[in-house]
Every structure is written in C-alpha cells, then in structure tokens.
Amino acid sequence: MKTFIAAFITLVLVHAALAEPPRPNVILIMTDDQGYGDLACHGNPVLKTPHLDQLYAESIRLTNFHVSPFCTPTRAALMTGRHPARTGAYRTSSGRSNLHHDEITMATHFAKAGYRTGMIGKWHLGDNAPCRPQDRGFHDIVWHKAGGIGQAPDYWGNNQFDDTYERNGVYEKFQGYATDIWFAESMRFVEENREKPFFLYLALNAPHSPYRVPKEWSDPYRETVKWKGGAEFYGMITNLDHNLGLLREKLNTLELSENTIFIFLTDNGTSAGIAREALEEGDYRGFNAGVRGVKSTLYEGGHRVPFFIHWPGGEIVGGEDRSQLAAHLDVLPTLAELCGFSLPDTLMLDGSSFADVLHAADAPAPRDHYITQLHGGNRFTSQPKPFLTSCVVKDNWRLLDGEKLFDISTDPMQNRNLADRHPQVVAELRSLYDTYWESVSPRMTPVALDIGNPAVNPTTLCSQDWYLETGNPPWNFSEIHQLKRITGPWHVDVTRAGRYRITLRQFPKIANKPVKAVKAKLRIAGIEKEQLVRAGTRGVTFDLNLPNGPTTLETWLYDENNEAGGAYFTEVEWLGGSNGNNQ
C-alpha cells in the first residue's frame, strides 16, 4: 500500500511539472552610446540596420523609455532596479563606478530562481572584487574591464581586434573583432544552456569609442558620413546589427525563439551619430530623431532610448508602440513578473513592473515621473549637490537643473524655457526632486575594493578608481603616458590581516616598462613608508603588515623635481600571516 501511495504521489508531481509551462529564457542586449536616432527603423536615412528593423517590426516598443545620460549609471539602475546614486555606481570613474557591497543584481535574482546566468561584454560596475560580474550573480562571464576597450583597467594592448578578455576569472586570447566575439560567445552560451532556463546579459561595447571596425562595415558610409569617426560609428552599428541577426537565427535553429524574451535597448544618447564639426553645405550631419541632446546631456536625446521587447510565447509581439513612461529602473521587476518569480519583500526598488503595458495599450504607466542626474556635472567639476545637472520627467514636462522648464510636446528641441509661465509646475517638479534627493544622497559614499581576497590574490588596483573630490583621475593611456602629476586614494577593505606586498607601477606589469621616478611613497592603514627608486626597476615593492578592515591606500612616485604623481597600477598581494614588524 505504501508503495502504491508513493508511486501515486510521484505520478501527480510529474504530471504537475509537465503541466507547468517552462519558464522563459531572457536575452537582454544593450548597446553602448547608440542613440534613439541611430536606427533605420527610427527614421535614420543613411544607417542600415535591417535586423534591428525586423525586431522593431515584431516587438512591443516603449517610445517613452528613459535611462541615465551615460554608461555606469544606466548599468547600475538596470542591474539593480535602484537609482544609480543609491547603488554607489553613479559616475564612470573616480571610484564611483563600483556597486555597493549590499546591492543585489538582476543576475542574483535570476540565479536564485533557478536560471543559468551569463554576462558577455562590458560590465563597467567594478573591475575588482567584490564588484565584478562573477561576484554579482553571473555564472558564465566573458568580459572586458573598464568603460571601453583599451582603457587603463582593460588588458594591456587591447584594441578591439584579437584582444585578450577575461573568461570566468582567467585571461584568454581571442581571435577576431570584439563585437563578433561577444555574439559568438552568446551563441555558445545559448546552445550550452538550451535545456534549462537561462538569463543572458549581452552588454556590447559597440558603438562606444574607440571607433574601430573592419573596413567592410565602415567603407559603405565613407562618402556620406564625413565627420571624424562617423563612418566607423555607423559601421559598428551595422556590424552589431548583422550579429544580432545571426543570434536570432541561432535561436530559431535551436527552437528557442518562441519562449525567449528578447530585449534590445541602449545605455544613453548618441556619442558620434551627430556631426560636431564644420562640414560643407548640404553634407549629411546625422540624425537625432528630432530631439536635442546627446550622451552626457540632460536634454531628451541624452536619456530617451529605444526599448524593444519580443516574446512570442508570452504574446508580446505585433510591432506596436507604447507611449507610457518607463525607465531602466523598471526592467528588473518587469522581468521578474514575466518569468514568474518573486523578488524579496525586503528589497527596496525604485522601479515598478510594466508587464501590463506590454499586453494592453491602455494600461497605466509603471511610474508617474522619472528623475535622472549627472551627479557632479558632466565632467565632475563639482561635488554632487541638489538640482545640479538634473532632469525631472513628468508627462510632457522636463525640468532641468531645477529651474528650466520645457514642454517636449510643443518644443522637442527644448529651446523655450517656460518656467516663468508655469511656476506651479516648477514647484511640483522641484518637490518630486526634493524627495528623490533626500532618499538617494545618503548612499553616495565610497565603495571599498577587496585586497587579500582569496578569490583574487594578488589584485591590481588602477588609478581609474582613485576617489577624488572632483574630476576624473587618469583612466586612459593617453593621460598615463603623460605621467600626470596627480594622485588619490583607493578605498580598500583588507579582508585578511597579515603580511602584504604592495608593488607600485606606472603601467601594468605585463607592459614591462620601467618606473620613471626617483622616490616612492605609500600610505595605508596609518602606515607610511618610502624608498628610493633604482633606475630601470619595473616595480617598487613594499612589504608590510596590515590589520584587517576598511582603510585607504595612496601612492606617490616623485621625479627629480620632487613633483609626484601616483602609481597608476598598484598590485597588492597577501603573503601570509604577520611577521610581527613593519621594517
């Protein structure tokens, strides 16, 4: 009898499992610096994007979808569903592009729901533990470091062709062009995980600078797109469009298209889709879909971007527009609802699900308003403060800097400031902003990077993460080659007390370049040490004992005139237990 009951229960459970529809896969594709007007389907008269055009024709399109005006903040909001300032990752460098340790990413939520998670391409939310993608819920990762290929934290010598990227914590040499590699790895991930639900975050570096692409993609634009980098920029988009077509074809071949939520969006406004230099009269000057603003601006073109979503199995199809206000903050709760899993009750989100909007054109918007801000200004010339380079979006109103009011429905170029005519609207939008600022500003604090973490020992710190009061530290090699006379502190967390070796360099170890300095100094955990630098040395090494816990590390390399810059690359290695002295 017991055997019969057990068999019956097993049969019921199996039947229930078979009756339950399989959870959808998710592919979330985000391009870098491609604006709303950088697609043929949005009216661009020159650019060729046939596969994006097809996706557009088959998808539900959010036409009033907003992000942040540049890279890191959009990624932070997309991954967490929380305002960038709240996450700690609200600028692209200066120690403010790393997620707070307690932030929970989309990948972690998907992994807990039983999904296999993959991240391919550009992360830009932290190059060191505990901020890397493998620390934040992703199982399968192939990525480049920094905010662009070839920037200082990225692997030395990378230039988008035959580069070295990191696969699951190990550097690997690849052959081919970066975008082609990202899509090839995406197709590999999809095929390997075809029998289980998967979440793939494909974050392309294209068409971010440097504007490099095989000539077969840029040459067709050479005679028409005449501004510097323009033909390459357009070529990068056409190349990624071609690859997107290959990925969709792969999904069809694997019979995965029907139950895959396929999303396309971009991270901010265009960077090189508009001419910014003098051209001949009558020359094509780019296309910005009739609005003002580009990347790193608070005008509409800086933060309103494409958002296409396609899921045949969920009846999200049809080539229809939705004009309800939505933002990157809303993507996480939307995907959780569509995929049938709950987010923790303790999670304080700034976003809301727009799943209803996808099924009904007259459904209410997930949000009443949206606020974005370039904290510290476009070039980080100020400490973050209320209203500075901010935008409040509500209905057709756009309030910039707390004082300039535009009606986007009658003035899409945002040339007519209506603040004096509508003081009550200004007051209402300022009140919304005040609530936002009071909520997010306490979290705009430094994020410590691990040293001594067993998962990555030694670890290399890069000057991009110096925490300066204002301004950007050296984040690219053009600045580093100048040996800029600037330094700043890294906020670090000594995860294990003990003996450490700290090696100061001006270039990555793999570059094998001599240190150009006569004296070196460092300060960490209340300890200050200095030494003379031998001519020709490839690294200046200090051994010392450190207690565990949070602290700062600062370095100086002095020249013959006693002028100092920092060690742009500093390697920190835990050697073992303390030997009892710091001599």
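Since this is a predicted model, take the numbers as computed values, not measurements. (Residues numbered from 1 in each chain as written. Predicted model: local features only at pLDDT ≥ 70, side-chain atom pairs only at ≥ 80, totals over all residues. Heavy atoms only, no water.)

What follows covers the layout of surface pockets. Within this model, the largest pocket holds a volume of roughly 870 Å³. Lining the largest pocket we find 28 residues, and of these His208, Lys295, Ser296, Arg379 and Trp475 sit closest to its centre. Its residues assigned to classes, the lining of the largest pocket shows 7 nonpolar, 15 polar and 6 charged. Considered as a void within the structure, the second largest pocket measures approximately 720 Å³ in volume. For the lining of the second largest pocket, the secondary-structure elements that each account for two or more residues are strand E18 (459-462) and strand E26 (569-576). Sort the elements by how many residues they give to the lining of the second largest pocket and E18 lands first, with 4 residues. Its residues assigned to classes, the lining of the second largest pocket shows 15 nonpolar, 6 polar and 9 charged. (1 Å grid on protein atoms, 1.4 Å probe; cavity = no way out; pocket = protein on both sides within 12 Å on 5 of 7 lines; lining within 4 Å. Points joined across faces, edges and corners; volume = space filled by probe spheres on them. Nonpolar A, V, L, I, M, F, W, Y, C, P; charged D, E, K, R; others polar. Helix = DSSP H or I, 4+ residues; strand = E, 2+ residues; numbered from the N terminus.)

Turning our attention to the packing of helix H2 (residues 50-58) against helix H8 (residues 230-253). For the pair H2 and H8, the least separation of the axes is 7 Å and the interaxial angle reads 55 degrees. The orientation of H2 with respect to H8, classified from their angle, is oblique. Here Pro50, His51, Leu52, Gln54, Leu55 and Glu58 of H2 come into contact with H8, specifically with Leu240, Asp241, His242, Leu244, Gly245 and Arg248. Its residues assigned to classes, the contact of H2 with H8 shows 5 nonpolar, 4 polar and 3 charged. (Axes fitted to C-alpha atoms, helices over the stretch in contact; angles between N-to-C directions. Parallel < 35°, antiparallel > 145°, perpendicular 65-115°, else oblique. Contact = heavy atoms within 4.5 Å.)

Below, the discussion takes up the sheet that holds strand E16 (residues 404-407). Consider a sheet: its strands pair through backbone hydrogen bonds, and that pairing is either parallel or antiparallel. Pairing is antiparallel in the open sheet, where 4 strands are placed in the order E13-E14-E15-E16. The sheet is open, and its two borders are formed by strand E13 (370-373) and E16, each paired with just one other strand. On average, each strand axis in the sheet is inclined to that of its neighbour by 15 degrees, with strand direction left out of account. As paired elements, strand E14 (residues 390-394) and strand E15 (residues 397-400) share 4 bridges and run antiparallel to each other. Opposite Val393, over in E15, you have Arg398 as the bridge partner. (Pairing = 2+ DSSP bridges.)

Summarising the element assignment, Gly340 is placed in the loop between helix H10 (331-339) and helix H11 (355-359). For Gly340, a relative accessible area of 53% translates into the label exposed. Here the alpha-carbon distance between Gly340 and Pro24, two residues 316 residues apart in the chain, equals 9.0 Å. (Buried < 20%, exposed > 50% of the residue type's maximum accessible area, 1.4 Å probe, protein only.)

By size, the foremost hydrophobic cluster in this structure holds 49 residues, and its most contacted members are Phe65 and Tyr201. Here the element with the most residues in this core is H10; it accounts for 6 residues. One finds Leu504, Ala520, Ile527 and Ala567 within the second-largest nonpolar core, a separate group that totals 37 residues. (Core = buried A, V, L, I, M, F, W, Y, C linked by side-chain atoms within 4.5 Å.)

Within this structure, the stated rule accounts for 32 aromatic pairs. Aromatic pair Phe138 and Phe199: ring centres 6.3 Å apart, planes at 25 degrees, arrangement stacked. You can see Phe138 sitting in the loop between strand E4 (116-122) and strand E5 (140-144) and its partner Phe199 sitting in strand E8 (residues 198-203), a full 61 residues away along the chain. Take Phe138: its relative accessible area is 4%, and that puts it in the buried class. An aromatic cluster is built from Phe110, Tyr115, Trp123, Phe138, Phe199, Tyr201 and Phe341, whose rings are joined through pairwise contacts. Its guanidinium or amino end placed over the ring of Phe262, Arg248 lies 5.6 Å from that ring's centre, counting from NZ or CZ. In this arrangement the basic side chain of Lys513 is found over the ring face of Phe507, its NZ or CZ atom lying 5.4 Å from the centre. (Phe/Tyr/Trp six-rings, centres within 6.5 Å; stacked < 30°, edge-to-face > 60°. Lys NZ or Arg CZ within 6 Å of the ring centre and 35° of its normal.)

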